[in-house]
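Chains, contacts and geometry: an overview
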Amino acid sequence: MATNGGVLPALTARGLEMVTTTPVAIAIAIAVAYLVLHSLTPSIDPREPPLLKPRIPLIGHIIGMMRHQAHYHITLQRSTGKPIATLPMLTGKMYAVWDPYLIAAGLRSKSLSSTPHIIDATPLVAQVSKPTANLLRGPRGNHIVDRIMHHAIPSAFKPASIQRLNATALAELASQLSTLCASSSTTTKTPIPNAWLWLRHLLTDATGKAVYGAHDPFAKNPAVETALWEFEKNLLKLTLNLPAFLVPVGHRARQVLIDALAPYYAARHDAEESASDFVRNRAAELREAGFPDDDVARVEIMLPFAALANTVPLLFWLFGHVFSRPELVRRLRAEVEEGLVVVSGKEQGEEVVVLSMTAAAMEERCPLLMSCYRETLRRTVHQVSTRTALQDTVLTDRAGREYLLKKGSVVQLAIGASHAVEEYWGPDADEFRPERFLGHNSGGRKAEDGDGPGSAKAMRAAFQPFGGGAHLCPGRNFAFAEMMAVMATLLLGYEVEPLEGTEWKLPGFATRSVIDAVTKPAKHGEGFGVRIGRRQGWEGVRWRYEL
Ligand code: HEM
């Protein structure tokens, strides 16, 4: 770096001097500049993925990544048609993996690790004390991260723990949805000016209670919910350690989160019965490693981010895609009514409806709703799983072709790009097609549909919304239960219309951050409002869920 930093300014200065003299000198300057740029391009072994030079030498891919983040991968894959590439970045390089088989192999590989990134980013994002930062960056750092990732998290998502998370969250959702338009007539609908903010709040309440228990810091102060999303929006900049005057909102939001979580961990509410194992196990592991309570709170600002940052936008898009299609709503309603209602009757003078929310019931009795759910995942999960190659690693594609990833290099497994590859999904890959996944789990269409674009086999290979291997999302069943409870209830008991007029217009996508997995709506969903009222025959119904 130091050498190149010296060579470039020197050359530029000399070049300028020559520009004022002769055309021959200009030609020489261009040739020299070309040679220098060429010499700065990293040399690659022929076994490495093919080199993809940026249009602007040295920094083109960096600019592309900064501006378009995860979407840059889709653009590169589409414009080159390549399964994998080596991207030169300044004087270094990064591997971008786009082919589904290679991504799956990368996710499974034991020598591609996320630990170096966690160790680098945590002290910067969490602004932990110096001793804790040293602990993480010291010889025990790897061990501490491994204990969290391979012990505390998996043991917090065993079936009994997930059942408890689901039961608490769904009881909270039932209680909130039971009061939604409970007393309004079916002709007057309640206006909801911003559907994103409404769904966000619904899930924050339910998730906060399930995750944190009786002392949920999100329930105490509404500013904490707002802060979480401002923190999320600025997370990449905080990861780059940009100062407060450049990222004032991000710095403020982080402080609000820390201030909300610090008393929770200081009072050891994480160890109480009502807290989830997710909170409890992680905090216990961090304290065991020597983190003081204040640093536990700082590191754990990432926990509500994991629990909400993807579920909320996914529910938002599922809601938008479904309710903007009246004919689809009619079909889904029939599915839910026939397949999920297990009890409907009076209890102490109140009409109560109980819905079966087990994954098996959903899969068996609501295939179209499941297809809409998967199609929403496909269209909006833009996950880029970033890893470092701990040693030379070979990834093999489905044709048996091998690609060498050199030790020490950064590898981006662009799941979002594989969700858009036309060779797997067909020419309508950019469309939301509600029926696309019908029969997905039972093997999809008939065996003779082969493995070409849009075949069940190709789609199963390319569909990896929750990652895979050692880092497969442990919260996926919890997210599923929350989202489906909301969707099934809204479909069954409510009419949803656009806020103004009769035309539905979904918002565009916000920049797809490389830090989280699901695309948010642009401008916090501004301009996408709805009116909601009870359906005729479902007025005053109270909801309950069976798990
Ligand atoms: C629709 C919702 C969700 C989506 C699409 C999603 C997606 C993902 C993906 C793609 C990964 C893998 C990251 C990687 O490869 O580096 C991941 C990891 C993770 N997710 Fe989720 N997630 C969702 C909901 C949740 C929820 C609700 C929780 C917690 C309650 C959660 C907790 C985690 C954790 C702790 C990890 C890290 C696991 C590890 O690295 O070992 N996720 N998620």
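Residues numbered from 1 in each chain as written. Predicted model: local features only at pLDDT ≥ 70, side-chain atom pairs only at ≥ 80, totals over all residues. Heavy atoms only, no water.

A short note on the nonpolar core
One finds Phe 319, Val 322, Phe 323 and Tyr 545 to be the most contacted residues of the largest nonpolar core, which totals 126 residues. Sorting elements by how many residues they give to this core places helix α24 (residues 476-493) first, with 13 residues. Counting residues in each nonpolar core, the second largest holds 15 residues, with Val 97, Leu 102, Ile 103 and Leu 107 among its members. (Core = buried A, V, L, I, M, F, W, Y, C linked by side-chain atoms within 4.5 Å. Buried < 20%, exposed > 50% of the residue type's maximum accessible area, 1.4 Å probe, protein only. Helix = DSSP H or I, 4+ residues; strand = E, 2+ residues; numbered from the N terminus.)

Structural notes on the sheet that holds strand β11 (residues 494-498)
Strand order across the open sheet formed by 3 strands is β4-β12-β11, with antiparallel pairing between neighbours. The open sheet terminates on both sides in strands that have one partner only, identified here as β4 (190-192) and β11. For this sheet the average axis-to-axis angle between neighbouring strands, irrespective of direction, equals 25 degrees. Its contacts with the sheet place α24 against β11 and β12 (530-534), and it is angled at close to 90 degrees to β11. (Pairing = 2+ DSSP bridges. Axes fitted to C-alpha atoms, helices over the stretch in contact; angles between N-to-C directions. Contact = heavy atoms within 4.5 Å.)

Digging into a nonpolar patch on the surface
Where nonpolar side chains cluster on the molecular surface, the patch consists of Ile 56, Ile 59, Ile 63 and Leu 90 and spans about 300 Å² of accessible area. Relative to the helices and strands, Ile 56 is located in the loop between α2 (23-40) and α3 (60-68). The exposure class assigned to Ile 56 is partly exposed, which follows from its relative accessible area of 45%. (Patch = residues over 30% accessible without salt bridge, like charges linked within 9 Å, V, L, I, M, F, W, Y side chains within 5 Å. Areas by Shrake-Rupley, 256 points an atom, 1.4 Å probe, with all protein chains shown as cover. Salt bridge = Lys/Arg side-chain N within 4 Å of Asp/Glu carboxyl O.)

Overview of helix α6 (residues 115-126)
Here α6 contains 12 residues, and its C-alpha end-to-end distance of 16 Å stays within 8% of the 16 Å for a straight helix at 1.5 Å per residue. Among the residues of α6, those classed as buried are Thr 115, Ile 119, Ala 121, Thr 122, Pro 123, Val 125 and Ala 126. Of the residues flanking the end of α6, it is Gln 127, one or two places downstream, whose phi is positive at about 50 degrees. (Expected span 1.5 Å × (residues − 1).)

Notes on the site of the ligand
In the region of the ligand, 26 residues are neighbours, and Met 149, Ser 385, Arg 387, His 471 and Cys 473 sit closest. Taking Arg 387, its side chain carries an N or O atom lying 2.8 Å from an oxygen atom of the ligand. Contact between the ligand and His 471: an oxygen atom at 2.7 Å from a side-chain N or O atom of the residue. Elements represented by at least two residues in the shell around the ligand include exactly α8 (141-156), α16 (302-308), α17 (311-323), β7 (384-389) and α24. Per-element tally for the shell around the ligand: the top contributor is α24, with 3 residues. Tallied by class, residues from the shell around the ligand come to 18 nonpolar, 7 polar and 1 charged. (Near = heavy atom within 4 Å. Polar contact = N/O pair within 3.5 Å; in protein donor to acceptor, adjacent residues only side chain to side chain. Nonpolar A, V, L, I, M, F, W, Y, C, P; charged D, E, K, R; others polar.)

Digging into the sheet that holds strand β13 (residues 542-546)
Pairing in this open sheet of 3 strands is mixed, and the strands run β5-β6-β13 from one edge to the other. With one partner strand each, in any of the chains shown, β5 (341-347) and β13 form the two edges of the open sheet. Taking each pair of neighbouring strands and ignoring which way they run, the sheet shows an average axis angle of 20 degrees. Bridge count between strand β6 (residues 350-356) and β13: 5 bridges; the pairing is parallel. Counterpart to Val 352 in the pairing with β13 is Arg 542. Sheet contacts for helix α18 (residues 326-340): β5 and β6; angle to β5, the most-contacted strand, approximately 75 degrees. Relative to the sheet, α24 contacts β5, β6 and β13, its axis offset from that of β13 by approximately 140 degrees.

Let's talk about the UniProt feature "binding site: heme" (unreviewed entry) in the chain
Taken from the UniProt record, the annotation "binding site: heme" (unreviewed entry) applies to Cys 473. Within the secondary structure layout, Cys 473 lies in the loop between α23 (456-462) and α24. (UniProt positions renumbered as here; feature names shortened; annotations may be inferred.)

Observations regarding the pairing of strand β8 (residues 393-396)
Side chains of β8 alternate between two faces, with Thr 393 and Leu 395 buried and Val 394 and Thr 396 left unburied. Bridge count for β8 against strand β9 (residues 402-405) is 4 bridges, and the pairing is antiparallel. Bridged to Thr 396 within β9 is Glu 402.

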